[in-house]
2 protein chains.
Amino acid sequence: MDKNKILLKGMVLPMTGPKDFFARGEVAIEAGKILSVGPEGSAPQGWVPDAEYGGPDFLIMPGLINGHTHAGMTLLRSYADDLPLMEWLQEKVWPFEAKLTSDDIYWGTKLCILEMILSGTTTLVDMYFAMHKVAKAVDESGFRAVLSRGMVGTGPATELAYNQSKELIENWHGKADGRIKVMVAPHAPYTCPPDFLKRAIKLAEEYGVGINTHLAETKVEVDDITKQYGKSPIRLMEEVGLFTRPVVAAHCVHVDEQEIELLAKYKVGVIHNPESNLKLASGVSPVTRMLEAGVTVGLGTDSACSNNNLDLFGEMRSAAFLQKVSCGSTALPAYQALELATVQGAKALGLENLGQLKPGFKADVILLNMHQPHLYPRHDVVAHLVYAAHGSDVQTVIIDGNVVMENRQVLTIDSEKIMAEVQSRAEQIKERLTAGTEQS
Amino acid sequence: MDKNKILLKGMVLPMTGPKDFFARGEVAIEAGKILSVGPEGSAPQGWVPDAEYGGPDFLIMPGLINGHTHAGMTLLRSYADDLPLMEWLQEKVWPFEAKLTSDDIYWGTKLCILEMILSGTTTLVDMYFAMHKVAKAVDESGFRAVLSRGMVGTGPATELAYNQSKELIENWHGKADGRIKVMVAPHAPYTCPPDFLKRAIKLAEEYGVGINTHLAETKVEVDDITKQYGKSPIRLMEEVGLFTRPVVAAHCVHVDEQEIELLAKYKVGVIHNPESNLKLASGVSPVTRMLEAGVTVGLGTDSACSNNNLDLFGEMRSAAFLQKVSCGSTALPAYQALELATVQGAKALGLENLGQLKPGFKADVILLNMHQPHLYPRHDVVAHLVYAAHGSDVQTVIIDGNVVMENRQVLTIDSEKIMAEVQSRAEQIKERLTAGTEQS
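Quick notes on the rules
- Residues numbered from 1 in each chain as written.
- Chains lettered and ligands numbered in written order.
- Predicted model: local features only at pLDDT ≥ 70, side-chain atom pairs only at ≥ 80, totals over all residues.
- Heavy atoms only, no water.
- Helix = DSSP H or I, 4+ residues; strand = E, 2+ residues; numbered from the N terminus.
- Rg over C-alpha atoms; globule rule 2.2 N^0.38 Å.
- Buried < 20%, exposed > 50% of the residue type's maximum accessible area, 1.4 Å probe, protein only.
- Contact = heavy atoms within 4.5 Å.
- Areas by Shrake-Rupley, 256 points an atom, 1.4 Å probe, with all protein chains shown as cover.
- Pairing = 2+ DSSP bridges.
- Salt bridge = Lys/Arg side-chain N within 4 Å of Asp/Glu carboxyl O.
- Domains from an automatic or database assignment.
- Buried area = accessible area lost by both parts, 1.4 Å probe.
- Least-squares fit on C-alpha atoms with pLDDT ≥ 70 in both.
- Axes fitted to C-alpha atoms, helices over the stretch in contact; angles between N-to-C directions.
- Left-handed = near helix turned anticlockwise from the far one by under 90°.
- Polar contact = N/O pair within 3.5 Å; in protein donor to acceptor, adjacent residues only side chain to side chain.
- Nonpolar A, V, L, I, M, F, W, Y, C, P; charged D, E, K, R; others polar.
- Phe/Tyr/Trp six-rings, centres within 6.5 Å; stacked < 30°, edge-to-face > 60°.
- Lys NZ or Arg CZ within 6 Å of the ring centre and 35° of its normal.

## What about the overall build of chain A?
Helix and strand content of chain A: 15 helices and 16 strands. Computed over its C-alpha atoms, the radius of gyration of chain A comes to 21 Å, within 12% of the 22 Å expected for a compact globule of 440 residues. For the C-alpha atoms alone, the extent of chain A along its principal axes is close to 65 × 50 × 40 Å. In chain A, which comprises 440 residues, the proportion classed as buried is 65%. Taking the intrachain contacts of chain A between residues at least 6 apart in sequence as the baseline, contacts between residues at least 24 apart amount to 72%. Within the structure as shown, chain A displays about 15,000 Å² of accessible surface, and the carbon and sulfur contribution to it stands at 50%.

In structure tokens form, the structure reads like this:
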């Protein structure tokens, strides 16, 4: 907070258009906002920064936006892999989750945020439970987040989830210096019957917030919903009125042409999670077609239980590669892949003044060290960012004008403490599972 | 060379079987070979090491084997992306390559090796030209390599390529303390007519070496060859007698069931290059089917011009993910993906006593620092290696018993000099291209 005025120097990729690039540029930040973006010497005359970062080998760009994750599930990383989907869920994920305390989720979320900062992500979208602890972790870390309490619309826990959603909005929407927004999260068409979806829509209306959900993730989901309701998940969502609210829909893997038109018409923000879709064998989302049809598509990792890392640089690469193998080698070119994780992600989530380096925009900025063997020669840095770079190339991270990582040292959270806590808690959870004891 | 006896401590994954793992283990190395592998305290009594590496948070495993690349093409990284295949080749890659001097290739190869060491690869398989310079780079870097002079079997350069192949074998096969092996490399069925292939086979026979080639990479190749010769590339190779020699075949994306049986029958070592196949929109190789049929499958990155990094950790991940989305979530589990890059790679290339940590085996060993946020909690380190780790997690690299990287400092090559040389040379090549001058 003491570094109110920050000057960044280096190559600048503002993500305001494919041709916008300053090989020797600078970005001035003041009071949490971008003050100026341009070539060297473009900061206002007489303006004196409190601190300066970067140099000729650094690339400055907007912080990345992870449009879909379940932060607390970072505790399950490497707990269950290479299994059939239902065995993975029923025998591993759900029993483990049933043993999680809210403090476990707090520490799992901290680990998630730590990894995200270290790999250049500055905003996350979460859907989980014990969300008051998630909000606390986000607040303390200086991170930016869209939070939502995942609600299953059947069974005994429904009312609790509904009430906690309401509380989350009341306690956290617009809080943490405006870094936290809240959405209402009916989990998915196959876990939320139409009547409950309508209640969720009403709740979102009441508080003027958006809706975060999973949609058309697997072929099985589409088949089951179609069998049960006589129409596909997306058409069902249209019918129940979900799209009367701003909606963020994760996955949209199995969508037909007409559904793509619906997603465009209702301005649904689709979040593409290529690696989770591969690992869980869900399929390849028709991102190229959606973009052509004018759908806004952001990028997400999904949880560390189905990925298993939270590195959006790798995710951009996977997204581009998958579209190429599906649609040809010119599909989803590097700049467009970068847009998914920045400007398009912000748009999909309805986050204003974010995802680009523009005067007046929120100062969520990352600096990559491009002076590394795998980023030479420097024919095209945009191609490098998508096809060769990795999250560990990120050197410095600024969120809301505050330096949260400097020279790969995260300043807002205690890395050693988090790793130790998470390891110890993961072991304790497994002990509780073996012992068959109740959640403590 | 002065550290003749080395003791490594940490978690040990010897790749000798899925159950072989020492949570607190040690590996002793002497005179370039593995002396012992086992739990803590298993090194021979009274044996005193010259140096010790690792610790409780380190994972010790065999160095990775990159079964297919074109090292000199690292100079073209980010030079040509997101283009249609023929435009990419004819308007970008080939004109650039035509301007390369043998010194350019030397420096491009050094950059390739530098990146490989930094990401845990200890053996590369190369097919390119100016191979005497490539061999020099490998020798000086302390790296291990299978080298081959790529031969196009038509046109004026054919005899030169043939003679250079011969020279390469004579000058370098078995050299550099045995770290270099040479193969004969007819480029591909579509660039080498049957008569030339027969000459190449004869050359390989004469010197008792293997053959390295590209096979069934694209649908267009299969269609063209079938049209021209009345049979598919793999059947044509059988007919001309290619499989009478030990063969390493890169790609094998478009292969039918009968061809898979042929690859198994003739013990062809297939090298899978998942990311290059995605980026160039070639397709997804049926690796799961090939493995079921008993084909030996190794892993490669292909060149940095179609990938664009040389990180085999990412490549293992992509390989596993692609098989899952094609064949289901249990396909190519983590341990099997690791096998492709280690023990199976060694087998595919006919490299004996390599790819596993076993007494008497060559001491190509890497140590990863597992004490990092994206590798917690530690439920399953094998899953971490494939689904969450990255080449930059590698801390120490030993090749042939020599420490070539310690604490991420590469000891055998000058990183700064390489990056500067490559950048300057890439710029000069582009100047020569613009000027239209001849190769100097």
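## Looking at the pairing of strand S14 (residues 394–399) of chain A
Residues and elements named next belong to chain A. Counting buried positions along S14 yields six of six residues, so the element is predominantly enclosed. Here strand S13 (residues 365–369) runs beside S14; their pairing, made up of four bridges, is antiparallel. When the sheet's bridge partners are listed, Ile 366 is paired in S14 with Val 397. Taken together, the three bridges between S14 and strand S15 (residues 402–406) define a ladder with antiparallel strand orientation.

## What to know about the sheet that holds strand S16 (residues 409–410) of chain A
Residues and elements named next belong to chain A. Ordered by their spatial adjacency, eight strands build an open sheet running S3-S2-S1-S4-S13-S14-S15-S16, and the pairing between neighbours is mixed. Both edges of this open sheet fall to strand S3 (33–39) and S16, since each of them pairs with a single strand only. Relative to strand S2 (residues 22–30), strand S1 (residues 5–12) runs antiparallel, the two being bridged by seven bridges. Paired with Gly 10 across the two strands is Gly 25, which belongs to S2.

## Structural notes on the pattern of salt bridges
The full count for this structure, using the stated rule, is 46 salt bridges over all chains. Ionic pairing is found between A:Lys324 and B:Asp82, a salt bridge with its closest N-O pair at 2.6 Å. Of the two residues, A:Lys324 sits in helix H11 (residues 312–327) while B:Asp82 sits in the loop between strand S5 (64–69) and helix H1 (85–98), which places them in two different chains. Its relative accessible area of 18% is what places B:Asp82 among the buried residues.

## Digging into the domain arrangement of chain A
Residues and elements named next belong to chain A. Domain boundaries in chain A define domain 1 (6–62 + 363–407) and domain 2 (64–349). The C-alpha centroid of domain 2 is placed 29 Å from the C-alpha centroid of domain 1. At the interface, 27 residues of domain 1 touch 29 residues of domain 2. On the domain 1 side of the interface with domain 2, the three residues burying the most area are Met 15, Val 386 and Tyr 387, jointly 32% of the side's total.

## Quick look at helix H3 (residues 131–141) of chain B
Residues and elements named next belong to chain B. Residues of H3 that are buried include every one of Met 131, Lys 133, Val 134, Ala 135, Ala 137, Val 138 and Ser 141, and no others. Buried-residue contacts for H3 involve helix H2 (102–118), strand S6 (121–128), strand S7 (144–151), helix H4 (158–172), strand S8 (180–186) and strand S15 (402–406). Backbone geometry just after H3 places Gly 142 at a positive phi near 70°.

## Side note on the relation of the copies chain B and chain A
With an axial shift of 0.0 Å and an RMSD of 0.0 Å, the rotation relating chain B to chain A amounts to 180°. Taken together, the rotation and translation describe the operation of a two-fold axis. Taking C-alpha positions as the reference, the residue of chain B nearest the rotation axis is B:Ser392, at 3.8 Å. With an isologous cut-off of 70% or more, the 100% of interface residues of chain B that recur at the interface of chain A puts this contact in the isologous class.

## Focus: unusual backbone geometry
Across the junction of A:Tyr376 and A:Pro377, the peptide omega takes the value -10°, indicating a cis bond. Mapped onto the elements, A:Pro377 comes out in the loop between S13 and helix H14 (381–387). Across the junction of B:Asn307 and B:Asn308, the peptide omega takes the value 5°, indicating a cis bond. One can find B:Asn308 in the loop between strand S12 (296–299) and helix H11 (312–327). Unusually for a residue other than glycine, B:Ala176 sits at a positive phi of about 55°. For B:Ala176, the location among the structural elements is in the loop between H4 and S8. On the basis of relative accessibility, which here comes to 10%, the residue B:Ala176 falls in the buried class. In this model, B:His251 sits at a positive phi of 90°, which is unusual for a non-glycine residue. Within the element layout of this structure, B:His251 appears in strand S10 (residues 247–251). Among the residues examined, B:His251 registers a relative accessible area of 1% and is labelled buried.

## Concerning the packing of helix H2 (residues 102–118) of chain A against helix H3 (residues 131–141) of chain A
All names here are of chain A. At their nearest, the axes of H2 and H3 sit 8 Å apart, and the two run at 35° to each other. At the point where H2 passes H3, the crossing takes the right-handed sense. Taking contact as the criterion, the partners of Ser 102, Asp 103, Ile 105, Tyr 106, Thr 109, Lys 110, Ile 113 and Ile 117 in H2 are, on H3, His 132, Lys 133, Val 134, Lys 136, Ala 137, Val 138, Glu 140 and Ser 141.

## Description of the interface of chain B and chain A
Each side of the interface is counted separately: chain B has 57 residues, and chain A has 57 residues. For A:Arg317, the salt bridge goes to B:Glu275, with nearest N and O atoms at 2.8 Å. Taken together, chain B and chain A are joined by 36 residue pairs in polar contact (both at pLDDT 80 or more). At six residues, helix H15 (residues 415–435) of chain B tops the list of elements feeding residues into the side of chain B that touches chain A. Grouping the amino acids of the side of chain B that touches chain A by side-chain chemistry returns 27 nonpolar, 18 polar and 12 charged.

## Focus on the pairing of strand S1 (residues 5–12) of chain B
All names here are of chain B. Within S1, six of the eight residues are buried, which leaves the element mostly enclosed by the surrounding structure. With six bridges connecting them, S1 and strand S4 (residues 51–62) associate as parallel partners. Each bridged residue has a counterpart across the sheet, and for Val 12 the counterpart in S4 is Ile 60.

## Re the environment of B:Gly46
Residues and elements named next belong to chain B. Here Gly 46 is to be found in the loop between strand S3 (33–39) and S4. Residue classification places Gly 46 among the exposed residues on the basis of a relative accessible area of 73%. Remark: the alpha-carbon pair of Gly 46 and Asp 104, spanning 58 residues in sequence, is separated by 49 Å.

## Some details on the sheet that holds S1(B)
With mixed pairing, eight strands are arranged side by side in an open sheet as S3-S2-S1-S4-S13-S14-S15-S16 (chain B). Two strands bound the open sheet, and with one partner strand each, they are S3 and strand S16 (409–410) of chain B.

## Concerning the environment of A:Glu52
All names here are of chain A. Mapped onto the elements, Glu 52 comes out in strand S4 (residues 51–62). Once the C-alpha coordinates of Glu 52 and Thr 244 are considered, the two residues, 192 residues apart in sequence, prove to be 45 Å apart. Not counting the four nearest positions on each side in its chain, Glu 52 is found in contact with Leu 7 and Lys 9.

## With respect to the environment of A:Val270
Within the secondary structure, A:Val270 is located in strand S11 (residues 269–272). Sequence separation between A:Val270 and A:Pro156 is 114 residues, and the spatial gap between their C-alpha atoms is 30 Å.

## A few points about the packing of aromatic side chains
With the rule as written, the count across this model stands at 10 aromatic pairs over all chains. Pairing A:Tyr79 with A:Phe96 gives two aromatic rings, centres 4.5 Å apart and planes at 50°, and the pair type is tilted. With A:Tyr79 in the loop between strand S5 (64–69) and helix H1 (85–98) and A:Phe96 in helix H1, this residue pair connects regions lying 17 residues apart in the sequence. An identical accessibility class is assigned to A:Tyr79 and A:Phe96; each is buried. Sitting above the plane of the A:Tyr162 ring, A:Arg199 keeps its charged end 4.2 Å from the centroid. For B:Lys279, the ring lying beneath its charged end belongs to A:Tyr387, and the centroid distance is 4.8 Å.

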